[in-house]
Amino acid sequence: MAFKFASRSCLIPLLRLGVMNIAILLIFLLLAEFALRLAALEKPAFYQFHPVRGFSHRPGATGWWNQEGRGWVSINKAGFRDSNHAALPTKGVLRVAVLGDSFSEAFQVNQNETWWAQLQKQVNHKPDCTLISNYPKGLEVMNFGVGAYGTGQQLLTWRSDARHNKPNLVILAVFLGNDINDNTPTARNDRPFFYLDRNGTLQINNDFRQSPASIFRNSLPGRSLNWFVEHSRLAQLLNEAKNRSANPINSNSKSNQNTPPQVAPASPSGWALTESLIKQLNTEVKAEGAKLLVVSLTSPEQVWPRRNQRPSQIFAKEKQLAALLQPLGIAYTALAPAMQQQVDQKGLILHGFGKAQGIGHWNINGHQLAATVLAQRICTDKQLIK
């Protein structure tokens, strides 16, 4: 059977129809984009691929975060949730660098409500603060916290960014609810991971760079897609829908809970690696002439509003971390005991927003109390005074 090719007179209407359909689609997309901007609807993409740390904040990104709590987020030119800072500290200023995860990133509240912003304000208003008695221009806090970072990525952040800003004091903010398990040596396709070799030497694995997702993000099509997500409200909503379908939110996190969340015990390998990572960070911080302070934050179950529902041995991880740091001569403060005491005395709720009271990240109360407790500690801690 012989096939007959469509004549030119038949192809022209088909081409016209295709062009018309494309034009209609483009008009629809432009109208949708205009409508979203008119309604002020946006889902900014705050994260991007990073060749060293796996992912980082997108410099210059701004917008409202409302997945948990509500906070106006502005990412500085260095790629962190903070204001812009001079490369080097001003003479007479005590500069502090904060390394942490989502509790320091703190998208759930406005920047001036975060614990590190309030720490700077509170310390600078303490006339009897011994820590800054030799610094007439006060304390300056720089935030390098990024959500989902473990101690390994925080060490890399110190190397790639924080150390170049010459801080006098480095605060490693540890969330014992998951940081130890995050440090457990496990292959990941979105980030590097550290491990201990047979000789107990700290090593890094960067195989994430060869993962299909990383290769695509670093390719021209991937970078082009990032550009569209950065500049298009419609692309932002589609990206948000994709992320939610890939990582559905646990329904329990948005409903009332009658009991505190259960926390899995930390693995021995996670503890061993955590010790090596902090030891290495301390060595590098000291080499820059600075001091390291490890601060452990609160987990929801530790400050659960109903004390009779809290688990037993609630500060076991704090005790284990203290025993790990003491032989290394690293300054350490645990916020949980003092903050729990305030919860019991004043009936405060430190974690959670809306219906999810008591779970999740710190709310404004949590950030404020953490800053108050930490300001009192560092202003009187002789280990931190040069």
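Our subject is the structure that appears above.
Residues numbered from 1 in each chain as written. Predicted model: local features only at pLDDT ≥ 70, side-chain atom pairs only at ≥ 80, totals over all residues. Heavy atoms only, no water.

A. Spatial organisation of the nonpolar core. In this structure, W115 and I171 are the most contacted members of the largest nonpolar core, which totals 37 residues. The set of elements that each furnish at least two residues to this core consists of β5 (94–99), α3 (115–124), β6 (139–143), β7 (169–174), β10 (291–296), α11 (336–346) and α12 (364–380). Considering every element that reaches this core, the biggest residue donor is α12, with eight residues. Residues in contact with I171, not counting those within four places in the same chain, are V96, A97, V98, L99, W115, L119, L293, V295 and L374. Grouped together as the second largest cluster of nonpolar side chains are 33 residues, M142, L155, L321 and I330 included. (Core = buried A, V, L, I, M, F, W, Y, C linked by side-chain atoms within 4.5 Å. Buried < 20%, exposed > 50% of the residue type's maximum accessible area, 1.4 Å probe, protein only. Helix = DSSP H or I, 4+ residues; strand = E, 2+ residues; numbered from the N terminus. Contact = heavy atoms within 4.5 Å.)

B. Examining the pairing of strand β2 (residues 54–57) more closely. As defined by bridge partners, strand β1 (residues 47–50) adjoins β2 across four bridges and the pair is classed as antiparallel. Bridged to F49 within β2 is F55. (Pairing = 2+ DSSP bridges.)

C. Geometry of the sheet that holds strand β11 (residues 331–334). An order of β6-β5-β7-β10-β11 is seen for the five strands of this open sheet, with the pairing classed as parallel. Every interior strand has two partners, whereas the edge strands, β6 and β11, have only one. Adjacent strand axes in the sheet meet at a mean angle of 25°, parallel and antiparallel pairs treated alike. Across four bridges, β5 lies against β7 in parallel orientation. The partner of V96 across the bridge, within β7, is L169. Contacting β5, β7 and β10, helix α9 (residues 268–287) crosses the sheet at an angle of about 145° to β10. (Axes fitted to C-alpha atoms, helices over the stretch in contact; angles between N-to-C directions.)

D. Region of interest: the pattern of salt bridges. Tallied over the entire structure, the rule returns 10 salt bridges. Two residues, R53 and D161, come together in a salt bridge whose shortest N-O distance is 3.2 Å. Taken together, the positions of R53 in the loop between β1 and β2 and D161 in the loop between α4 (151–160) and β7 put the pair 108 residues apart, joining distant regions of the chain. Each member of the pair, R53 as well as D161, is classed as buried. In the salt-bridge network here, residues are joined through shared partners; they are R163, K166 and E288. (Salt bridge = Lys/Arg side-chain N within 4 Å of Asp/Glu carboxyl O.)

E. Representation of a nonpolar patch on the surface within the structure. The grouping of L11, L14 and L15 at the surface amounts to a nonpolar patch, some 310 Å² of accessible area in total. Mapped onto the elements, L11 comes out in helix α1 (residues 8–38). Classification of L11 by relative accessible area gives partly exposed; the value is 41%. (Patch = residues over 30% accessible without salt bridge, like charges linked within 9 Å, V, L, I, M, F, W, Y side chains within 5 Å. Areas by Shrake-Rupley, 256 points an atom, 1.4 Å probe, with all protein chains shown as cover.)

F. Region of interest: the state of the cysteines. For the structure on display, the rule yields one disulfide. Bridging C129 to C379, the disulfide has an S-S length of 2.0 Å. Its S-S torsion of about -90° marks the bond between C129 and C379 as left-handed, since a negative value means left-handed. Placement of C129 in the loop between α3 and β6 and of C379 in helix α12 is noted, with a sequence separation of 250 residues between them. You'll find C129 and C379 in the same group, each marked buried. (Disulfide = S-S within 2.5 Å.)

G. Molecular detail of unusual backbone geometry. A positive phi angle, close to 55°, is found at A106, a residue other than glycine. The residue A106 is located in the loop between α2 (102–105) and α3 in this model. For Q313, which is not glycine, the phi dihedral falls at a positive 50°. Checked against the element boundaries, Q313 lands in the loop between β10 and α10 (316–325).

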